[in-house]
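Take a look at the letters that make up each chain.
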Amino acid sequence: MPKVLHLVTPLGLTPKETGFVKDLLITKSASDAIERNYNVKSRENAWSMAKEMLRKPKIKDALRRAFEKAGLTEDSFAEYIKDGIVKAKDEAKFTGSDY
């Protein structure tokens, strides 16, 4: 069986995780960012996977670093994530998913 190479960024992120972080910063929707970077079968699967991703310390660290690079404060970071969570809850209500 051939070995599969997984590229990892200096922050320890795979290319898909890096894409997730970039797309999350653009869209403020973790579900959208998952759908853009992973092959998921439903919006509910994307939402579930997004919750898991946002719990990963290396994802949180990458997001924090992106905000620092942009000159934003920790409060701005917290507000940004809060807005994204509210958006996810609204999406879940719209699709009938449990949050």
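Just so it is clear, the model here is predicted, and its values are computed rather than measured.

## Let's talk about helix α1 (residues 15–27)
And step 1. Here α1 contains 13 residues, and its C-alpha end-to-end distance of 18 Å stays within 8% of the 18 Å for a straight helix at 1.5 Å per residue.
And step 2. Buried residues of α1: E17, T18, G19, F20, V21, D23, L24 and T27, and no others.
And step 3. Once α1 finishes, K28 follows within two positions and takes phi at roughly 60 degrees, a positive value.

## Looking at the packing of helix α3 (residues 43–55) against helix α4 (residues 57–69)
And step 1. α4 packs onto α3 with a crossing angle of 75 degrees between their chain directions and a minimal axis gap of 5 Å. For the element pair α3 / α4, the angle class is roughly perpendicular. Contact with α3, carried on its side by M53, L54 and R55, involves P57, I59, K60 and L63 of α4 and no other residues of that element.
And step 2. For the contact of α3 with α4, a count of residues per class yields 5 nonpolar, no polar and 2 charged.

## Points about the nonpolar core
And step 1. Residues F20, V21, L24, I34, M53 and I59 are the most contacted members of the largest nonpolar core, which totals 14 residues.
And step 2. Contributions of two or more residues to this core are made by α1, α2 (30–37), α3 and α4.
And step 3. Once you skip the residues sitting within four places of it in the chain, I34 turns out to touch F20, V40, A46, M49, A50 and M53.

What counts, and where the lines are drawn
- Residues numbered from 1 in each chain as written.
- Predicted model: local features only at pLDDT ≥ 70, side-chain atom pairs only at ≥ 80, totals over all residues.
- Heavy atoms only, no water.
- Helix = DSSP H or I, 4+ residues; strand = E, 2+ residues; numbered from the N terminus.
- Expected span 1.5 Å × (residues − 1).
- Buried < 20%, exposed > 50% of the residue type's maximum accessible area, 1.4 Å probe, protein only.
- Axes fitted to C-alpha atoms, helices over the stretch in contact; angles between N-to-C directions.
- Parallel < 35°, antiparallel > 145°, perpendicular 65-115°, else oblique.
- Contact = heavy atoms within 4.5 Å.
- Nonpolar A, V, L, I, M, F, W, Y, C, P; charged D, E, K, R; others polar.
- Core = buried A, V, L, I, M, F, W, Y, C linked by side-chain atoms within 4.5 Å.

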